[in-house]
Every structure is written in C-alpha cells, then in structure tokens.
2 protein chains.
Amino acid sequence: MKEDQKIPNPVVRRLGLYYRCLNKLYDEGIEYVASKDIASRLGIKSSQIRKDLSYFGEFGKRGVGYNVENLIKKLETIIGVDKNWNVIIIGAGNIGSALVNYPGLKKEKFNIIGVFDADRSKVGKKIGKLTIQHISQLHEFAKKNIIEIAVIAVPENAAQMVTEELEKLGIKGIVNFAPVKLRTNIPVEEVDITLSFKTLAFKIGREGSR
Amino acid sequence: MKEDQKIPNPVVRRLGLYYRCLNKLYDEGIEYVASKDIASRLGIKSSQIRKDLSYFGEFGKRGVGYNVENLIKKLETIIGVDKNWNVIIIGAGNIGSALVNYPGLKKEKFNIIGVFDADRSKVGKKIGKLTIQHISQLHEFAKKNIIEIAVIAVPENAAQMVTEELEKLGIKGIVNFAPVKLRTNIPVEEVDITLSFKTLAFKIGREGSR
DNA sequence: CAATAATTGTGAACTTAGTCACAATTATTA
DNA sequence: TAATAATTGTGACTAAGTTCACAATTATTG
Ligand SMILES: NC(=O)c1ccc[n+]([C@@H]2O[C@H](COP(=O)([O-])OP(=O)(O)OC[C@H]3O[C@@H](n4cnc5c(N)ncnc54)[C@H](O)[C@@H]3O)[C@@H](O)[C@H]2O)c1
Ligand SMILES: NC(=O)c1ccc[n+]([C@@H]2O[C@H](COP(=O)([O-])OP(=O)(O)OC[C@H]3O[C@@H](n4cnc5c(N)ncnc54)[C@H](O)[C@@H]3O)[C@@H](O)[C@H]2O)c1
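Nothing here was measured: the structure is a model prediction, and the numbers come from that model.

Student: What is the right way to look at the packing of helix 1 (residues 9-27) of chain A against helix 4 (residues 68-79) of chain A in this model?
Tutor: Describing two packed helices takes the angle between their axes plus the distance from one axis to the other. Residues and elements named next belong to chain A. Running from N to C, helix 1 and helix 4 cross one another at 150°; their axes reach a closest spacing of 9 Å. Accordingly, the angle class assigned to the pair helix 1 and helix 4 is roughly antiparallel. Taken as a pair, helix 1 and helix 4 cross one another with a handedness that is left-handed. Here L15, G16, Y18, Y19, L22, N23, L25 and Y26 of helix 1 come into contact with helix 4, specifically with V68, E69, L71, I72, L75, E76, I78 and I79.

Right, dumping it as structure tokens:
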C-alpha cells in the first residue's frame with residue numbers, strides 16, 4: 001500500500017461496484033470470497049480488484065480470500081458511506097421527483113432532507129414525505145440544517161446560477177443532471193443521460209463494422 | 001486520420017460533448033470556432049479536441065478554425081444522430097416516466113415509441129402521449145415496429161430477465177438504469193446514479209486531505 | 001508434517017489515453 | 001506581395017491505467 005496517493009477516478013468508481021457486489025454476497029450468506037469470484041460477477045479481471053484495494057491496505061488473507069463482512073466495513077470507511085450524507089434536491093421536476101421517491105439512495109446513506117423549486121405552483125406540494133419549498137427558502141434552510149450534497153435537477157439555463165448559490169451556502173458536492181459544464185470549485189459528479197444515449201448510438205453504428 | 005481504428009470510449013463520450021457545445025455556438029450565431037474556444041467552454045485542452053476529431057478526418061481550416069454548421073453535420077454522421085432512433089422504455093416507474101416526459105431525448109433524435117410495464121394497474125394509463133402497455137405485448141409490438149434501443153428502468157431483480165427478452169427481440173442497444181451488471185452481448189450503457197453519489201462522497205471526504 | 005492447492009499483494013511490463021510542440025496552411029495587414 | 005498572426009493536424013512524448021506473473025502466505029490433504 002502506498003500512502004497519501006491520489007486515487008484514480010476509475011478506481012473510485014469500481015470501489016462502489018465492489019461495495020455493491022459484496023453486499024449482495026453478504027445477503028447470500030457468503031462469508032469469504034476470492035477476488036476471482038467478485039471479478040467474474042462484475043466482468044473484470046481479478047488482478048484489477050486486488051490492485052484497487054491495495055491502494056488502501058491489505059484486506060485479504062492469502063490462499064483464502066476476503067472476509068465479506070469485514071471488507072464491506074472497510075469499503076464503507078474508504079468510500080465514506082460509514083456516515084449519513086444530507087442531500088437536497090434543487091428542481092422538483094421529473095428527475096428531482098424520481099430521486100426523492102427512490103429508496104435506494106437512503107439505503108446507501110444518502111438522506112434527502114429537502115426539495116426546492118422556483119415554481120410557486122409546486123411549492124407546498126408533497127413528494128413522498130417531503131414538502132416542496134420555494135428556492136428562496138433555501139438560505140434559511142441551510143442555516144438550520146447541515147447540507148452536504150446538492151442535486152441539480154433544474155433546466156440547463158438555471159444550472160449555473162443555482163451552482164453559484166450552492167457554492168455560497170458552503171455545499172460540499174454536487175450531482176448534476178443538467179447537460180451543461182458547471183463552473184465551480186466544488187466537486188461535481190455529472191450524470192449525463194443524453195450523452196449515454198449518444199455513446200450507445202455510436203457503438204451500435206460500429207457493431208457491424210468490427 | 002487512421003482508418004478502421006477502434007475508437008477509445010472517452011473519445012466517443014467527448015464527441016457528444018463537442019456536438020452539444022457546437023449546437024450552442026450555432027444558436028449563438030457563431031459561424032467559425034477554434035478548438036481553443038470549444039476547449040475553454042468544456043474545460044479541456046484544445047489538443048484533445050483536435051486529436052479526437054483526427055480519428056475521423058480533417059474538418060478544420062488551418063489558421064481559421066472549424067465551420068460550426070459543417071462540423072455539427074459531420075459529428076451527427078459520426079455519432080449516428082443523423083437519423084432517428086426508436087426507443088422503448090421497460091418499466092413505467094419513476095425513471096421511466098421521467099424519460100418519457102423529457103423533451104431533450106426527442107430533440108437529440110431518440111424517439112420513445114413505447115412504454116412497457118409488468119404492473120397491470122399501470123397498463124392503459126398515459127405518460128405524455130404514450131399509453132403504458134403490458135410487458136406481454138412487447139413481442140407483438142416488436143413485430144410491428146423497428147425498435148433499436150431499449151431502456152431498462154425496472155427493479156434490479158427484473159433487469160437480467162428483461163435483458164434476455166430484449167436480446168431475443170433483436171434490440172441493438174440498452175441503456176440500463178438498474179444497479180446491476182447485465183450479462184449480454186448487446187452494447188449496454190450504464191447510468192449508475194447511486195454510484196455517482198458514492199464517487200462524490202469519496203471525493204468530498206478527500207477534499208481536505210489534498 | 002510435508003506436499004499440494006488456493007489465493008493474495010505487488011513490482012514490472014504493457015496498453016491506453018492525453019499533452020506537447022511544431023510544420024503546414026490560411027487569412028490579414030502593411 | 002512579404003511579413004505577421006492564427007490555428008489545424010499529427011508524430012513524438014508523457015502520463016495514467018491495466019494486466020501479468022510470481023513470491024509469500026494460508027489452509028487442506030494424505
Ligand atoms: N427528465 C429526464 O429524463 C432528463 C434526462 C436527461 C437530463 N435531464 C436534465 O435534468 C434536468 C431536470 O430535468 P427534468 O426533466 O426533471 O425537468 P423539469 O422541467 O421536469 O423540472 C425542472 C424543475 O426545475 C424547476 N426550476 C427551474 N428553475 C429553477 C431554479 N432557478 N431554482 C429551482 N428550481 C428551478 C422548475 O420549476 C421545474 O420544476 C434538466 O437540466 C434536464 O435537461 C433530464
Ligand atoms: N428512481 C431513481 O431515482 C433511481 C435512481 C438510481 C437507480 N434507479 C434504478 O432504476 C430502476 C427503476 O427505478 P424506479 O425508481 O423508476 O423504480 P419504480 O419502482 O418506480 O419503477 C419500476 C417499474 O418497473 C415495473 N416492472 C417490474 N418488473 C417488471 C418487468 N419484469 N417488466 C416490466 N416492468 C417491470 C414496475 O411495475 C414499476 O412500474 C431501478 O432498478 C432502480 O434501482 C432509480
């Protein structure tokens with residue numbers, strides 16, 4: 001293990017995959033697992049898994065494999081899901097509502113604690129247990145609650161403005177669904193759905209010619 | 001330009017970004033653009049753009065830049081959005097509905113022509129202009145319509161079964177929202193939203209220690 | 001308890017992706 | 001028309017990421 005290293009992004013994404021896979025194994029009652037088995041479930045090489053984990057320490061037992069429960073706990077700490085994250089959603093439209101209704105996020109320790117929208121006709125309505133608040137109430141809300149992550153689910157043209165507001169409030173990270181590059185120093189994860197469609201179209205177009 | 005090459009995935013994704021950026025420039029009435037300008041809008045290096053484009057040909061004019069309208073057309077052909085793609089959605093839940101209601105997909109040439117669900121209480125209801133059909137009707141539907149792309153928006157445990165069904169119907173590509181690795185030979189694009197949250201959590205956790 | 005089998009952790013080798021730097025080209029200016 | 005400025009396209013280089021291959025370790029078997 002090398003200390004204090006910058007961890008490559010692909011490694012980070014795979015850690016999430018390993019975590020998910022290990023939880024399935026745990027639910028299946030499996031106690032020990034070899035990198036080879038995780039690899040075959042995820043369709044990658046076992047050496048990749050071992051190398052990825054080696055950035056953070058030695059978690060396995062030679063000749064045996066990894067203790068599932070133990071490795072889950074280690075990954076929780078590494079990824080940062082050993083604690084709950086407070087999340088707000090900006091934009092109570094299609095995507096915003098889908099996220100609020102999605103139980104998977106809470107299960108993974110991402111707690112949606114507020115939904116905000118600029119459209120006064122939506123304010124006061126409920127999505128699940130949450131009441132949509134007007135965006136002007138965000139500032140007040142941020143004083144009373146620790147918000148760590150914000151989701152941008154507003155139209156493209158509002159995204160940059162919202163980002164700057166969020167930056168002022170001291171939000172620590174953004175998940176952005178708007179198809180636009182945000183100018184900010186906060187860490188941003190882009191979820192670019194139409195880009196995925198286009199990438200797929202490209203691949204399909206090349207299927208024959210390979 | 002090198003013929004017949006395998007195009008790296010990151011290049012393909014960026015093509016989509018360039019395409020989007022160029023359309024914005026076009027709407028702004030800009031006729032010619034330099035790689036440097038696109039680069040600064042997207043926060044990447046200009047050499048990256050030129051190298052990416054060079055996989056497919058020479059589209060610029062030295063000393064001048066790229067003709068916006070022309071490059072858009074070239075990218076349309078390269079990516080494959082010079083034609084319309086027929087898309088169906090499997091699973092008329094949160095994500096499925098969000099996609100059907102999203103005008104951006106149609107604008108990018110992805111036409112949703114059908115929505116299917118296993119829940120009979122949803123069948124017959126409308127999302128936008130589309131009526132939710134029962135999944136058992138899919139086979140018949142596929143005989144009457146050319147379906148190129150399917151979106152998997154069903155719960156994790158149904159995703160693999162659905163995939164196998166889609167494979168039988170000869171669908172050419174899948175956009176998968178379920179958090180599970182699909183075993184199939186069809187090209188798949190994964191949209192893994194909780195993974196994005198976890199990646200963000202990791203990054204936030206490291207912000208201080210860098 | 002020695003031999004065998006399984007499996008990790010990790011440097012080294014390899015492969016893929018990104019950047020640099022500059023000749024070639026085009027347009028503009030004097 | 002010669003000099004200047006801007007910008008492309010790309011080969012050479014550098015960096016990042018993946019896979020290999022094997023010593024080290026652990027458990028199991030005869
Ligand atoms: N729906 C999809 O499937 C989909 C797919 C890909 C990308 N996206 C992107 O995700 C974003 C949201 O899409 P959607 O379909 O949910 O849109 P939507 O129109 O359903 O919802 C957007 C919401 O944001 C609100 N809003 C607008 N400006 C605001 C502001 N300044 N502050 C707070 N709220 C504001 C609107 O009132 C609306 O309720 C868009 O950028 C879209 O391009 C959506
Ligand atoms: N909603 C989100 O924000 C979100 C975020 C990340 C991932 N996802 C994933 O996307 C998928 C869909 O999520 P959702 O929130 O839309 O779920 P949902 O429960 O709202 O919708 C799923 C729909 O699929 C239908 N369905 C179940 N089995 C089916 C089958 N065999 N054939 C056809 N239809 C079937 C259900 O009747 C339901 O209508 C899930 O795998 C989920 O994990 C969703």
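From this point on, the discussion continues.
Student: For this particular structure, what's the right way to read the protein's contact with DNA strand C?
Tutor: Taken together, 28 residues lie near DNA strand C, and S35(A), R50(A), G60(A), G63(A) and Y66(A) sit nearest. The sugar-phosphate backbone supplies 68% of the atoms of DNA strand C found within 4 Å of the protein. The contact in question runs from a sugar or linking oxygen of DNA strand C to an N or O atom on the side chain of R62(A), over 3.0 Å. In the environment of DNA strand C, a phosphate oxygen lies 2.9 Å from a nitrogen or oxygen atom belonging to the side chain of R14(B). Taken together, the elements giving at least two residues each to the surface near DNA strand C come down to helix 2 (35-42), helix 3 (46-54), strand 2 (60-61) and strand 3 (65-67) of chain A together with helix 1 (9-27) and helix 3 (46-54) of chain B.

Student: Where do I start with the sheet that holds strand 2 (residues 60-61) of chain B in this structure?
Tutor: Pairing between sheet strands relies on hydrogen bonds along the backbone, with the strands arranged either parallel or antiparallel. Residues and elements named next belong to chain B. With antiparallel pairing, 3 strands are arranged side by side in an open sheet as 1-3-2. In this open sheet, the two strands that pair with only one neighbour each are strand 1 (32-33) and strand 2. Bridge analysis of strand 1 against strand 3 (residues 65-67) gives 2 bridges, and the strand direction is antiparallel. Note that in strand 3 the partner of Y32 across the bridge is N67.

Student: Sorry, what's going on with the site of ligand 1 here?
Tutor: In the region of ligand 1, 24 residues are neighbours, and I95(A), D117(A), K122(A), V154(A) and Y102(B) sit closest. In this structure ligand 1 sits where residues from chains A and B come together. Within the backbone of V154(A), a nitrogen or oxygen atom sits 2.7 Å from an oxygen atom of ligand 1. The separation between an oxygen atom of ligand 1 and a polar main-chain atom of E156(A) is 3.5 Å. In the complex, 84% of the free accessible area of ligand 1, which totals 830 Å², lies under the protein chains. Mapped by element, the contributors of at least two residues to the shell around ligand 1 are helix 5 (94-100) and helix 8 (156-168) of chain A together with helix 5 (94-100) of chain B. The leading source of residues in the shell around ligand 1 is helix 8 of chain A, at 3 residues.

Student: What should I look at first to understand the interface of chain A and chain B in this one?
Tutor: By a frequent convention, interface size equals the accessible area lost on bringing the separate parts together. With 60 residues of chain A at the contact, the number on the chain B side is 60 residues. For the chain A and chain B pair, buried surface summed over both sides reaches about 5,500 Å², with 69% attributable to carbon and sulfur atoms. Of all residues in chain A, F197(A), K198(A) and F202(A) bury the most surface against chain B, accounting for 14% of the area lost on that side. Across the chain A-chain B interface, the total number found is 8 salt bridges. One salt bridge connects E189(A) with K203(B), and the closest N-O pair in it is separated by 2.7 Å. One can count 14 residue pairs in polar contact (both at pLDDT 80 or more) joining chain A with chain B. With 14 residues, the top contributor of residues to the side of chain A that touches chain B is helix 9 (residues 193-207) of chain A. Its residues assigned to classes, the side of chain A that touches chain B shows 35 nonpolar, 10 polar and 15 charged.

Student: Sorry if this is basic, but what is going on with the side chain of R14(A) here?
Tutor: Residue and element names in this part refer to chain A. Residue position: R14 is located in helix 1. We classify R14 as buried; its relative accessible area is 17%. Among the polar contacts made by the side chain of R14, one reaches the side chain of D52 at a distance of 2.6 Å. Filtering out sequence-adjacent residues up to four positions away, R14 remains in contact with I44, Q48 and D52.

Student: Help me out: how do you make sense of the site of ligand 2 in this one?
Tutor: Taken together, 24 residues surround ligand 2, and among them Y102(A), I95(B), D117(B), K122(B) and V154(B) come closest. Chains contributing residues to the immediate surroundings of ligand 2 are chains A and B. One nitrogen or oxygen atom from the main chain of N94(B) is found 3.0 Å from an oxygen atom belonging to ligand 2. Here D117(B) contributes a side-chain N or O atom positioned 2.5 Å from an oxygen atom of ligand 2. Starting from 820 Å² of accessible surface for ligand 2 in isolation, the protein chains cover 85%. Breaking the shell around ligand 2 down by element, the ones donating at least two residues are helix 5 of chain A together with helix 5 and helix 8 (156-168) of chain B. Considering every element that reaches the shell around ligand 2, the biggest residue donor is helix 8 of chain B, with 3 residues.

Student: I tried to follow the pattern of salt bridges on my own but got confused; where do I start?
Tutor: Any two side chains of opposite charge can pair if their charged atoms end up close together. Enumeration over the complete set of coordinates arrives at 22 salt bridges over all chains. Between R20(A) and D192(B) there is a salt bridge, with its nearest N and O atoms 2.7 Å apart. Remark: D192(B) occurs in the loop between strand 10 (188-190) and helix 9 (193-207) and R20(A) occurs in helix 1; the pair is interchain, linking two chains. With relative accessibility at 13%, the residue D192(B) sits in the buried group. A salt bridge links K73(A) to E69(A); its shortest N-O distance comes to 3.7 Å. One end of the pair, K73(A), and the other, E69(A), are both in helix 4, 4 residues apart, so they sit about a helical turn from each other. Each of R13(A), E189(A) and K203(B) takes part in one network of salt bridges that share partners.

Parameters and conventions
Residues numbered from 1 in each chain as written. Chains lettered and ligands numbered in written order. Predicted model: local features only at pLDDT ≥ 70, side-chain atom pairs only at ≥ 80, totals over all residues. Heavy atoms only, no water. Axes fitted to C-alpha atoms, helices over the stretch in contact; angles between N-to-C directions. Helix = DSSP H or I, 4+ residues; strand = E, 2+ residues; numbered from the N terminus. Parallel < 35°, antiparallel > 145°, perpendicular 65-115°, else oblique. Left-handed = near helix turned anticlockwise from the far one by under 90°. Contact = heavy atoms within 4.5 Å. Near = heavy atom within 4 Å. Polar contact = N/O pair within 3.5 Å; in protein donor to acceptor, adjacent residues only side chain to side chain. Pairing = 2+ DSSP bridges. Areas by Shrake-Rupley, 256 points an atom, 1.4 Å probe, with all protein chains shown as cover. Buried area = accessible area lost by both parts, 1.4 Å probe. Salt bridge = Lys/Arg side-chain N within 4 Å of Asp/Glu carboxyl O. Nonpolar A, V, L, I, M, F, W, Y, C, P; charged D, E, K, R; others polar. Buried < 20%, exposed > 50% of the residue type's maximum accessible area, 1.4 Å probe, protein only.

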